[in-house]
Amino acid sequence: MTDRSHSPAAHKAGPLLRSIPEEAVAGWRPYAILIAFCALVFLPGLAGLPPMDRDESRFAQATKQMLETGDYVVPYFQDQPRTKKPVFIYWVQAASVSALSDAGANEIWPYRLPSVLGGMASVLLTFLIGARLFDRRTGLMGGLLLGGAMLMVGQSHIAQTDAVLLATILAGMYGLTLAGLGPQKGESSEMGPAPGLFFWGGLGLSILTKGPIGPAVLGFTAIAWGVLRKDASWFRRLKPLWGIPLLILIVAPWPLALWHSGAFSFIANAAQEDLIPKLMGGQESHGAPPGTYLVSLFAAFWPMSLIVIPGIVTAWHYRREPAVQFLVCWALPSWIMFEAVPTKLPHYVLPTYPALALLGGFFAVNGLPPRLPGWGRALFWLHLAFWLVVGFALAGGALFALTQYGPGVDWRGIVLALIVLAGILPAAWLAFRRRFEPAIAVLVLMMALFVPWLGSAVAPALDKLWIAREVASAIPPHDERPPLASAGFTEPSLIFMNGTGTLLVPGATAADYLADTPRAYALVAGEQTEAFLDRAKARNLRLERIRQWDGFDYTNGDPLTLILYKAAE
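Residues numbered from 1 in each chain as written. Predicted model: local features only at pLDDT ≥ 70, side-chain atom pairs only at ≥ 80, totals over all residues. Heavy atoms only, no water.

1. Observations regarding helix H19 (residues 411-432)
This is how it is decided: Only runs of H or I of at least four residues qualify as helices and only runs of E of at least two qualify as strands under DSSP, and these elements are numbered from the N terminus. Multiplying 1.5 Å by the helix residue count minus one yields the expected span of that helix. We call a residue buried when its accessible area falls under 20% of the maximum for its residue type, exposed when it is over 50%, and partly exposed in between, using a 1.4 Å probe and counting protein chains only.
Across its 22 residues, H19 extends 32 Å between first and last C-alpha, which sits within 8% of the 32 Å expected from 1.5 Å per residue. Among all positions of H19, only Arg412, Gly413, Leu416, Ala417, Ile419, Val420, Gly423, Ile424, Ala427, Ala428, Leu430 and Ala431 are buried. Among the residues trailing H19, Arg434 stands out with phi positive, at a value near 65 degrees.

Right, dumping it as structure tokens:
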């Protein structure tokens, strides 16, 4: 039986640090605070922000085709099996669309709703883990730090796997926390079924969401904790005798359905086409050297990196704290794994972020270590200065985006920049004065204003980035016309917005299609224009040029010119 009431985090914060009253961390209030904050930063822009390329639109389109065909076993993207990920994310998206909309509506928000719920669940589970490791105040600080991180906000806004995956991993991690640190005062030494239910249930759902990532993160944490403690007896609290059958019960039905339908090769193809290429090299031009995630931490965790990065650094001072040791066993091995894999995308490292957020929460409650040497204070001041630079750069980046891809710097961009400045300057001053909980409170308020304005007013106005949305608004709905032919523009958002039957063809074929198909439309990219016009001339096809868009393809960084045609009447 363990008693963590004598850890530094169990003591009340000093007057300079305290901003949240004790009543706010009692009873139901932390849950209400976290849910309200998540609603403010995860929901705005859910409907107004167009489908993103490429992964979000691929996931949403595959889910749409599940609903259109009734095949809930093998996800397809047009006529190709989508072997990138297991099936759970498609199931929860399909359930959301079925309950709140329909596949023909082409609305992206119901596909995104599971990510919102996954993000909320992740923040709440971070609070529960922090309350178990430290106390409720530290757990609340950690939940706020995770919920306000830009990477977490972004992943909770888009219809991909990672917010849902994080929730499943954190469910497993909560079970591991219960088992690994043992019962608290007043609890039975056996601890009942809770550790096993959370661990094996979360592990099973993580496998169905993203294959080996959940087992790797949970497995590395368990192994590192067992080695550090030189004791594996705690593993019995996970109840493996019935937990492993529970895991099989969760995971096995989908492979059995694949086998029954004759599509069992889906799993081998997924490993061959997705997992192994990522381990062997930079897949789809997403390669980056080790250390990339560490360098990007300031921006990915912004603005909460103000508190989180000092929390990571000062963890060394508290390295003998069992709770801190557990968080290091969680974050460090998995971080090394993600840095070692050649293929890197910002969200891959998200499963480590709750551990880092809780280290930040621990730091916020306890402050800088006593007797900090001069070089330590200088390093902290340098951190504050660099964090401010990142904040100014992000505000400037939003203004630049409006200039390049939207209507120019107008009142929307000015309001956004003012929100950022009104948040980062007082937060940095409070952190300089070592008032870290008030600094978190300021950052929470800033994000509660910044994200809704960014998601509902600024980002949707970047018309040059949302070409698929513009095309869909210029032609009749997909069920009132033949399929759209697109020559040279193949982004998945075009297919999601304009119908599963959208044809991706060369320029000459697009001209033939217009000549042979009444009421059809063709979208032609610049490099395909010559072949398209030559074939139209050869077919004596008179063309009506409907509209031209000059945009930017943010997936490859290239400018983009598209022209929409139909046969002249």
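And the narrative resumes.
2. Overview of empty space enclosed by the protein
For clarity, the cut-off: Whether a set of points on the 1 Å grid over the protein atoms alone is a cavity depends on a 1.4 Å probe fitting there but being unable to get out, while an open set qualifies as a pocket with protein on both sides within 12 Å along at least five of seven lines; lining residues are those with an atom within 4 Å of a point. Grid points are joined across faces, edges and corners, and a volume is the space filled by probe spheres set on the points. The residue classification treats Ala, Val, Leu, Ile, Met, Phe, Trp, Tyr, Cys and Pro as nonpolar and Asp, Glu, Lys and Arg as charged. All others, Gly included, are polar.
Scanning the model with the defined rule gives one cavity of 30 Å³ or more in all. Along the wall of the largest cavity there are 16 residues; nearest its centre are Asp53, Leu465, Ile467, Ala468 and Ser493. Mapped by element, the contributors of at least two residues to the lining of the largest cavity are helix H21 (467-474), helix H22 (492-498) and strand S6 (543-553). The element best represented in the lining of the largest cavity is H21, accounting for three residues. Among the residues forming the lining of the largest cavity, the class breakdown is 11 nonpolar, one polar and four charged.

3. Topic: the side chain of Thr221
Threshold: Think of a polar contact as two N or O atoms within 3.5 Å of one another; within protein, one of them needs to be a possible hydrogen donor and the other a possible acceptor, and neighboring residues in sequence only count if both atoms come from side chains.
As for its position among the elements, Thr221 is in helix H9 (residues 213-229). Engagement of the side chain of Thr221 in a polar contact is seen with the backbone oxygen of Val217, the distance being 2.7 Å.

4. Things to note about the pairing of strand S7 (residues 558-567)
The condition is simple: A pair of strands is labelled paired if DSSP reports no fewer than 2 bridges between them.
By the bridge criterion, five bridges tie strand S5 (residues 521-525) to S7 in an arrangement that is antiparallel. Paired with Ala522 across the two strands is Tyr565, which belongs to S7. Relative to S7, S6 runs antiparallel, the two being bridged by 10 bridges. Among the inter-strand pairings, Gln548 is bridged to a residue of S7, identified as Ile563. Counted between consecutive antiparallel strands, the loop separating S6 from S7 contains four residues, among which Gly557 sits at a positive phi close to 75 degrees.

5. Comments concerning the environment of Ile35
Rules: Any pair of residues with heavy atoms lying within 4.5 Å of one another is described as a contacting pair.
The topology assignment puts Ile35 in helix H1 (residues 29-42). Ile35 sits in the partly exposed class, given a relative accessible area of 40%. Distance in space between the C-alpha atoms of Ile35 and Ala439 is 20 Å, their sequence separation being 404 residues. With sequence-adjacent residues up to four places away left out, Ile35 is seen in contact with Met120 and Leu124.

6. Quick look at the pattern of salt bridges
For the record, the criterion: The salt bridge definition used is simple: a Lys or Arg side-chain nitrogen within 4 Å of an Asp or Glu carboxyl oxygen.
Within this structure, the stated rule accounts for 14 salt bridges. Here Arg412 makes a salt bridge to Asp410, at a shortest N to O gap of 2.7 Å. Take Asp410: its relative accessible area is 16%, and that puts it in the buried class. For Arg539, the salt bridge is made with Asp516, and the minimal N-O distance between the two is 2.6 Å. Of this pair, Arg539 sits in the loop between helix H24 (529-538) and S6 while Asp516 is found in helix H23 (residues 507-516), placing the two residues 23 residues apart along the sequence. According to the relative accessible area criterion, Arg539 is partly exposed, its value standing at 35%.

7. Focus on a nonpolar patch on the surface
To keep it simple, the criterion reads: Note that patches include only residues with greater than 30% relative accessible area and no salt bridge, and the join distances are 9 Å for like charges and 5 Å for nonpolar side chains (Val, Leu, Ile, Met, Phe, Trp, Tyr). Each accessible area is a Shrake-Rupley result for a 1.4 Å probe, and residues are judged covered by the shown protein chains and nothing else.
Taken together, the side chains of Phe392, Val409, Ile414, Leu418, Leu421 and Leu425 make up a nonpolar region of the molecular surface, amounting to roughly 530 Å² of accessible area. In terms of residue count, H19 provides more of the nonpolar patch than any other element does, four residues in total. Inspection of the secondary structure puts Val409 in the loop between helix H18 (374-405) and H19.

8. Quick notes on the packing of aromatic side chains
What counts is decided by this rule: The aromatic pairing rule takes the rings of Phe, Tyr and Trp, using the six-membered ring of Trp, and pairs them if the centres are within 6.5 Å, calling planes under 30 degrees apart stacked, those over 60 edge-to-face and the rest tilted. Look at NZ for Lys and CZ for Arg. If either is within 6 Å of the ring centre and within 35 degrees of the ring normal, a charge sits over the ring.
By the definition in use, this model includes 23 aromatic pairs. Pairing Phe59 with Tyr90 gives two aromatic rings, centres 5.7 Å apart and planes at 35 degrees, and the pair type is tilted. Separated by 31 residues along the polypeptide, Phe59 in helix H2 (residues 55-69) and Tyr90 in helix H3 (residues 88-100) bring together distant segments of the chain. When sorted by exposure, Phe59 lands in the same class as Tyr90, which is buried. Through a chain of ring-to-ring contacts, three or more aromatic side chains come together here, namely Phe199, Trp200, Trp234 and Phe235. In this arrangement the basic side chain of Arg82 is found over the ring face of Phe59, its NZ or CZ atom lying 4.5 Å from the centre.

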